[in-house]
Amino acid sequence: MADQLPEVNFTGTIPSYSKQYSRYQQADGTYAFVRDNNLSMNGAISIDQNIALTGGKISLNTSLNFSRQLGHGAYNEFMSVPVGLTLTQPIFGVNDQKWKRRIEPVRYQEAKAAYIESVETVTMSTINYFFNLLLAKEILFTSEQNLENANKLYEITIAKRKIGHISESELMQLKLSALQAKGKLTEAQSNLNAKMFQLRSFLGVSEDDIIEPVLPESAPDMCLVYQEVLEKAQENNSFAKRILREQLEADYAVATAKGNRRDIKLFATVGYSGKDSEFKGAYNLLRDNQVVEVGFSIPLIDWGKRKGKVKVAESNREVVLSRNRQEQMTFNQDVFLLVENFNNQAAQLGIAVEADEIAQKRYKTSIETFMIGKINILDLNDAQQSKDEAKQKHIQELYGFWSYFYNVRSVTPYDFMNDRNLDADFEEIIRK
């Protein structure tokens, strides 16, 4: 924590000029106005270190002051403090350093977790654009196949019509199907171009780059356990860190309110000082220089103001704790539903994969059966529609699986596939 590291500070006034009348009390008790005309400069360097154990501060310092009286009888005077040691210590007040040592690491972990979660959010957006493009590509491929099949079937049907194997109505139906397939192909190509543009824009790549999405062959066989996911979320999620930080800050506010009921501080400084009309002489014939002060402020009658502030701080703490308990219950419920949805999605994906395989085989068989006249055009169209819907359903369920998977990663933040925490070089990020 940065507050625990020493600081090197330089303070100074270069220069200070004064030419005015000042009120001055003479030896007999009367007052007179005297002419003051002087030029002064001062500078000090100190090394300051907060004391975490007591909440005080200790400083090692050195300073030099120069004053020149101007006008008639002008003269110079230097005063030096070659070395001095100063202690400032609250006696009964709240130890700010102690509380900061407890709060700031939690705040850091909260920010780190929030950053990792934001990265996962970007990943989920990328997955969304990717699967939109993949689905558009698959629809285009299906449309091209359907148009090709429709044209072939129409040509074959023309020959069958000439020998009277099919009716004129069936021939017109196949011609209409071919025209509809051509229209769907044009629509699919336009949709693919739009989805390609969206993904390129999101990734920040050139419009000349062609992205070829590839359908994942399979998804990992996983089943998540609610308690394990909840445990990782409570360990790593920024929400859990925020809950802890808010509780600590509420406790800090109560401790501060109680400490402000009385104020007692110790100030002590020891060192050496010297003065002379010349610069070198100010560092000769040094004399000891000590100051010890104990200041206090204790209210005798404040009409309950400070006690009221303590009550308000305690009441605010109860509000924070109550709100956090409710938010924790909602968070746990969201995690439970997320795990349930993920496990259900894995099952749905398995069903969709099997249904896709069956629909593809059925359509192929339906074409062969239609060619030998065993089924009519309506049955063929139904097989084609089922085939198209099954393939799209397969892609949609696969998208749902990965979407839920990265949702779990974002909430935890943990990679259950590789069994490791998601982490980031936060110090490197800050330096950038």
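About the criteria used
- Residues numbered from 1 in each chain as written.
- Predicted model: local features only at pLDDT ≥ 70, side-chain atom pairs only at ≥ 80, totals over all residues.
- Heavy atoms only, no water.
- Phe/Tyr/Trp six-rings, centres within 6.5 Å; stacked < 30°, edge-to-face > 60°.
- Helix = DSSP H or I, 4+ residues; strand = E, 2+ residues; numbered from the N terminus.
- Buried < 20%, exposed > 50% of the residue type's maximum accessible area, 1.4 Å probe, protein only.
- Lys NZ or Arg CZ within 6 Å of the ring centre and 35° of its normal.
- Pairing = 2+ DSSP bridges.
- 1 Å grid on protein atoms, 1.4 Å probe; cavity = no way out; pocket = protein on both sides within 12 Å on 5 of 7 lines; lining within 4 Å.
- Points joined across faces, edges and corners; volume = space filled by probe spheres on them.
- Nonpolar A, V, L, I, M, F, W, Y, C, P; charged D, E, K, R; others polar.
- pLDDT = per-residue confidence, 0-100.
- Salt bridge = Lys/Arg side-chain N within 4 Å of Asp/Glu carboxyl O.
- Core = buried A, V, L, I, M, F, W, Y, C linked by side-chain atoms within 4.5 Å.
- Contact = heavy atoms within 4.5 Å.

### As for the packing of aromatic side chains
Link 1 in the chain: Across all of its chains, the model carries 16 aromatic pairs by this definition.
Link 2 in the chain: Plain terms: the ring middles of Trp 402 and Phe 405 are 5.5 Å apart, the flat faces sit at 85° to each other, and that makes the pair edge-to-face. On the criterion of helical spacing, the pair formed by Trp 402 and Phe 405 is a turn pair, its members being 3 residues apart in helix α6 (residues 377–411). Per residue, the accessibility class of Trp 402 equals that of Phe 405, and both read buried.
Link 3 in the chain: Aromatic side chains Phe 405 and Tyr 406 sit 5.2 Å apart centroid to centroid with 90° between the ring planes, which places their arrangement in the edge-to-face category. The two residues Phe 405 and Tyr 406 agree in class, both being buried.
Link 4 in the chain: Aromatic rings pair up to connect Phe 342, Phe 401, Trp 402, Phe 405 and Tyr 406 into one cluster.
Link 5 in the chain: Against the face of Tyr 21 rests Arg 35, its NZ or CZ located 4.9 Å from the ring centre.
Link 6 in the chain: The ring of Tyr 363 is capped by Lys 387, whose NZ or CZ atom sits 4.6 Å from the centre of that ring.

### Concerning the environment of Arg 161
Link 1 in the chain: Structurally, Arg 161 is set in helix α1 (residues 96–162).
Link 2 in the chain: Considering only alpha carbons, one finds Arg 161 and Leu 171, 10 residues apart in sequence, at a separation of 7.3 Å.

### A closer look at the pairing of strand β1 (residues 7–25)
Link 1 in the chain: Sheet topology note: the β1/strand β2 (residues 31–50) ladder contains 17 bridges and is antiparallel. Following the sheet pairing, Gly 12 is matched in β2 by Gly 43.
Link 2 in the chain: Here β1 folds back onto β2 in antiparallel fashion, the turn holding 5 residues, of which Gly 29 has a positive phi close to 95°.

### Observations regarding the layout of surface pockets
Link 1 in the chain: Estimates place the volume of the largest pocket at around 570 Å³.
Link 2 in the chain: Together, 26 residues line the largest pocket, and Asn 146, Lys 184, Gln 384, Gln 385 and Asp 388 are the ones closest to its centre.
Link 3 in the chain: Only α1, α2 (168–203) and α6 provide two or more residues apiece to the lining of the largest pocket.
Link 4 in the chain: By residue number, the principal contributor to the lining of the largest pocket is α2, which donates 9 residues.
Link 5 in the chain: Its residues assigned to classes, the lining of the largest pocket shows 9 nonpolar, 12 polar and 5 charged.
Link 6 in the chain: If you add up the space inside the second largest pocket, you get close to 310 Å³.
Link 7 in the chain: Lining the second largest pocket are 18 residues, and of these Gly 55, Pro 90, Val 94, Asp 96 and Lys 265 sit closest to its centre.
Link 8 in the chain: When residues of the lining of the second largest pocket are traced back to their parent elements, those giving at least two are β4 (75–90), α1, α4 (238–259) and β5 (263–276).
Link 9 in the chain: Broken down by class, the residue content of the lining of the second largest pocket amounts to 3 nonpolar, 10 polar and 5 charged.

### Some remarks on unusual backbone geometry
Link 1 in the chain: At the junction of Ile 14 and Pro 15, the peptide bond is cis and its omega measures out at -15° in the coordinates.
Link 2 in the chain: Within the secondary structure, Pro 15 sits in strand β1.
Link 3 in the chain: Residues other than glycine seldom take positive phi values, yet Asp 419 does so here, at roughly 55°.
Link 4 in the chain: By secondary structure assignment, the location of Asp 419 is in the loop between β7 (414–415) and β8 (420–421).
Link 5 in the chain: The class for Asp 419 is exposed, based on a relative accessible area of 57%.

### Here we look at the confidence of the model for the chain
Link 1 in the chain: Confidence in the prediction of the chain, expressed as mean pLDDT, is 84, and 93% of residues score 70 or more.
Link 2 in the chain: The weakest mean pLDDT in the chain belongs to helix α7 (residues 426–431) at 56; the strongest belongs to helix α3 (residues 226–236) at 91.

### Section: the pattern of salt bridges
Link 1 in the chain: Applying the stated rule across the entire model yields 18 salt bridges.
Link 2 in the chain: Measuring nitrogen to oxygen at the nearest pair gives 3.5 Å for the salt bridge that ties Glu 104 to Arg 107. Here Glu 104 pairs with Arg 107, and both are found in helix α1, just 3 residues apart, close to one helical turn.
Link 3 in the chain: In this structure, the salt-bridge partner of Arg 323 is Glu 246, at a minimum N-O distance of 3.2 Å. Here Glu 246 lies in helix α4 and Arg 323 lies in helix α5 (residues 305–371), a separation of 77 residues in the sequence.
Link 4 in the chain: Sharing partners across several salt bridges, the network here consists of Glu 104, Arg 107, Glu 110, Arg 245 and Glu 249.

### A short note on the nonpolar core
Link 1 in the chain: Counting residues in hydrophobic clusters, the biggest one holds 27 residues, and the most contacted among them are Phe 131, Leu 224, Val 229, Trp 402 and Phe 416.
Link 2 in the chain: Elements with a contribution of two residues or more to this core: α1, α3, α4, α5 and α6.
Link 3 in the chain: Counting residues per element, this core draws most heavily on α6, which supplies 7 residues.
Link 4 in the chain: Among all residues touching Trp 402, those that are not within four sequence positions of it are Ile 127, Phe 131, Ala 219, Pro 220 and Met 417.

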